[in-house]
Each structure stands twice: as structure tokens, then as C-alpha cells.
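# Topology and contacts: notes
Spelled out, the chains give:
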Amino acid sequence: MNNSKFLSRGWWLFAAIMYFPFIVFFYMGKKMNSQFWKICSGVFVVICAILLALYNSFGNEIWFQCFAVSYWIIGIVLTLVAWNKYKKAFLS
């Protein structure tokens with residue numbers, strides 16, 4: 001399997017849907033040599049760690065659920081933006 005087939009299979013969207021957009025951001029930052037996406041990756045890792053740490057204490061609170069859903073939606077949107085930039089730069 002060549003590299004372009006693997007990248008076009010949608011692993012990046014699956015990672016974002018499963019609450020792991022930081023994997024995609026780190027990959028984009030590494031491939032495009034972009035500090036912005038590397039920093040986004042670090043921020044999203046910290047937010048994911050906070051979500052996991054606070055889940056047992058505040059899992060049923062409405063503010064915590066809104067925070068988790070916001071993290072999820074923002075992660076998916078930023079993943080789509082990052083992937084479109086990557087496609088324009090490298091896969092076209």
C-alpha cells in the first residue's frame with residue numbers, strides 16, 4: 001500500500017471523531033514543518049488529559065458535557081481545516 005492510498009482512507013477523520021485530533025495535528029505539523037499545528041497538538045493533548053482526569057468527578061455535570069462536546073466539535077473542524085491545507089500542499 002503506497003503512502004497516498006493510506007492517507008486518503010480517512011484515518012485522520014476517524015482520529016478526530018474518536019476524540020484524538022491531536023494525532024492529526026502532530027502529523028500535519030511534522031509533515032508541513034508548521035509550529036502552529038504542533039502547538040495545537042500540544043493544547044489538544046492537555047485538554048484531552050483534563051477531560052480524562054475530571055471525568056469521574058464531573059462526568060454528569062452539564063458544563064463538563066458541554067466542554068467535552070465543544071472539544072469534540074472544534075477538534076473535528078480543525079482537523080478538516082488542517083487536512084485540506086495538507087492536501088493542497090502535498091497531495092495535489
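Look above for the structure.
Heads up: these notes are all about the structure in this document.

Definitions and cut-offs
Residues numbered from 1 in each chain as written. Predicted model: local features only at pLDDT ≥ 70, side-chain atom pairs only at ≥ 80, totals over all residues. Heavy atoms only, no water. Helix = DSSP H or I, 4+ residues; strand = E, 2+ residues; numbered from the N terminus. Expected span 1.5 Å × (residues − 1). Bend = angle between axes of the 7 residues up to and from the residue. Buried < 20%, exposed > 50% of the residue type's maximum accessible area, 1.4 Å probe, protein only. Contact = heavy atoms within 4.5 Å. Patch = residues over 30% accessible without salt bridge, like charges linked within 9 Å, V, L, I, M, F, W, Y side chains within 5 Å. Areas by Shrake-Rupley, 256 points an atom, 1.4 Å probe, with all protein chains shown as cover. Salt bridge = Lys/Arg side-chain N within 4 Å of Asp/Glu carboxyl O.

### Overview of helix α4 (residues 35-58)
Taking 1.5 Å of rise per residue, the 24 residues of α4 would be expected to cover 34 Å, and the 33 Å separating its terminal C-alpha atoms lies within 8% of that figure. The largest bend in α4 amounts to roughly 25° and is located at L52. Of the residues making up α4, those classed as buried are W37, C40, S41, F44, C48 and L51.

### Quick word on the side chain of T79
Along the chain, T79 falls in helix α5 (residues 62-91). Apart from residues lying up to four places away in sequence, T79 is in contact with W12, A16, P21, V24 and F25.

### Describing a nonpolar patch on the surface
A contiguous nonpolar patch, built from F14, I17, M18, Y19, F20, I23, V69, W72, I73, V77 and V81 and spanning about 940 Å² of accessible area, is present on the exposed surface. Elements with a contribution of two residues or more to the nonpolar patch: α2 (11-17) and α5. Per element, the largest residue contribution to the nonpolar patch is five residues, and it comes from α5. Counting through the fold element by element, V69 comes out in helix α5.

### A short note on helix α3 (residues 21-32)
The end-to-end C-alpha distance of α3 is 16 Å, a good match for the 16 Å that twelve residues give at a rise of 1.5 Å each. Along α3, the residues that are buried comprise P21, F22, V24, F25, Y27, M28 and G29. Looking one or two residues past α3, N33 carries a phi angle of roughly 55°, positive in sign.

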